[in-house]
Amino acid sequence: MKKRNRIGFFILFVLIVAGLVSIALRPKEPSYQGKRISTWQDDFAARNGGTKYYEAIRELGTNGLPYAVRNLALNDSKLRNKYRELRLKSPRFMQIFLPTPKPLLQVVDGANVFFHIGSPAIPYAIVLLKHESSTVRQSAAWGLCSLRRQSPAANQAIPALIDALSDNEQQVRFYAALAFTEMGEDASNAVPALTKILANTGQTNSLFYLRAAVARALGKIGPPAINAIPELKKALKETDPNFRG
């Protein structure tokens, strides 16, 4: 029994030391006006910080991006979402003792983070189009759309955005299509992938806006999208008047 206790205490000691080393080696969190970026972020997500969070992001640049990505990815955490579900189902007296999950950044917030960082965020957004979190991928695609309004440098994302048009998440495909509406003729390589989505009439009504965004992107690309005309003509015969428009 004593031997087991010694082994148990040794394991506990190792875990404590490992935890302390991990904390000691963790990079110092960037701050703005004496306040950590994660605190600005939490306040903003709770809608308590106004636009100061974006001021911090502009000042800190890409140094603040990993914290935003980590926060956005929590939207897709199965463990966190399960906890929220169980907490809501718990008796009211128990909910008092169970911490309320902190509010998180949403897709639009993530897109704005890329926008406020500016062109230096473009390479990061390209890589994040492959992130395991669909919330992060949506933010990255929407962010690239916004960044293209700032600079043609966002055109380097065209190959990655073409790949994103086949993402298994509908909203990622939607934001990728929106990005191509900002790129015009520069996105001519995207015409085959965009036309394929437009031609998919077997989709549910929930994908109406995706196909509408694709049609608009093809129009913005202009003459290089001439091969899409047959599918656009077919779309004019569909029942939804908004889609025909």
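These numbers come from a predicted model, not from an experiment.

*Asks:* What's the story with the overall build of the protein in this structure? I'm lost.
*Replies:* Counting its secondary structure elements, the protein contains 15 helices and 2 strands. The burial tally for the protein puts 42% of its 245 residues in the buried class. As displayed, the protein has an accessible area near 14,600 Å², and 58% of this comes from carbon and sulfur atoms.

*Asks:* What am I meant to see in the nonpolar core here?
*Replies:* Proteins that are soluble and globular tend to have nonpolar side chains buried together. With 65 residues, the main nonpolar core has Tyr 53, Leu 161, Phe 180 and Leu 194 as its most contacted residues. Top element by residues in this core is helix H11 (residues 170-183). It accounts for 9 residues. Dropping the residues within four chain positions of it, Phe 180 is found in contact with Ile 158, Leu 161, Ile 162, Leu 165, Ala 187, Ala 190, Leu 194 and Ala 217.

*Asks:* Sorry, what's going on with the confidence of the model for the protein here?
*Replies:* In regions of low pLDDT, the predicted coordinates are not meant to be interpreted in detail. The pLDDT averaged across the protein works out to 88; a share of 87% of its residues lies at or above 70. Predicted confidence for residues 21-26 stays below pLDDT 50, and this span has 0 contacts to residues more than four positions away or in other chains.

*Asks:* Would you explain the environment of Glu 29 in this entry?
*Replies:* Residue position: Glu 29 is located in the loop between helix H1 (2-25) and strand S1 (31-32). A C-alpha to C-alpha distance of 8.9 Å links Glu 29 and Asn 63, two positions 34 residues apart in sequence. Other than its neighbours up to four places away in sequence, Glu 29 contacts Arg 36, Ile 37, Ser 38, Thr 39 and Tyr 67. Only 2.5 Å separates the side chain of Glu 29 from the side chain of Ser 38, close enough to count as a polar contact.

*Asks:* What should I look at first to understand the environment of Phe 208 in this one?
*Replies:* Here Phe 208 shows up in helix H13 (residues 208-221). Under the relative-accessibility criterion, Phe 208 is labelled buried at 18%. Taking C-alpha positions, Phe 208 is 7.3 Å from Phe 243, a pair spaced 35 residues apart along the chain.

*Asks:* Quick question: what am I supposed to make of the packing of helix H12 (residues 191-199) against H13 here?
*Replies:* To describe two helices that pack against each other, one gives the angle between their axes and the distance between the axes. Direction vectors running N to C along H12 and H13 enclose 145°, while the axes themselves pass 9 Å from each other. The two elements H12 and H13 meet at a crossing, and its hand is left-handed. Of H13, the residues touching H12 (which contributes Val 191, Leu 194, Thr 195, Ile 197 and Leu 198) are Leu 210, Arg 211, Val 214, Ala 215, Ala 217, Leu 218 and Ile 221. The class makeup of the residues in the contact of H12 with H13 is 10 nonpolar, 1 polar and 1 charged.

Conventions we followed
Residues numbered from 1 in each chain as written. Predicted model: local features only at pLDDT ≥ 70, side-chain atom pairs only at ≥ 80, totals over all residues. Heavy atoms only, no water. Helix = DSSP H or I, 4+ residues; strand = E, 2+ residues; numbered from the N terminus. Buried < 20%, exposed > 50% of the residue type's maximum accessible area, 1.4 Å probe, protein only. Areas by Shrake-Rupley, 256 points an atom, 1.4 Å probe, with all protein chains shown as cover. Core = buried A, V, L, I, M, F, W, Y, C linked by side-chain atoms within 4.5 Å. Contact = heavy atoms within 4.5 Å. pLDDT = per-residue confidence, 0-100. Polar contact = N/O pair within 3.5 Å; in protein donor to acceptor, adjacent residues only side chain to side chain. Axes fitted to C-alpha atoms, helices over the stretch in contact; angles between N-to-C directions. Left-handed = near helix turned anticlockwise from the far one by under 90°. Nonpolar A, V, L, I, M, F, W, Y, C, P; charged D, E, K, R; others polar.

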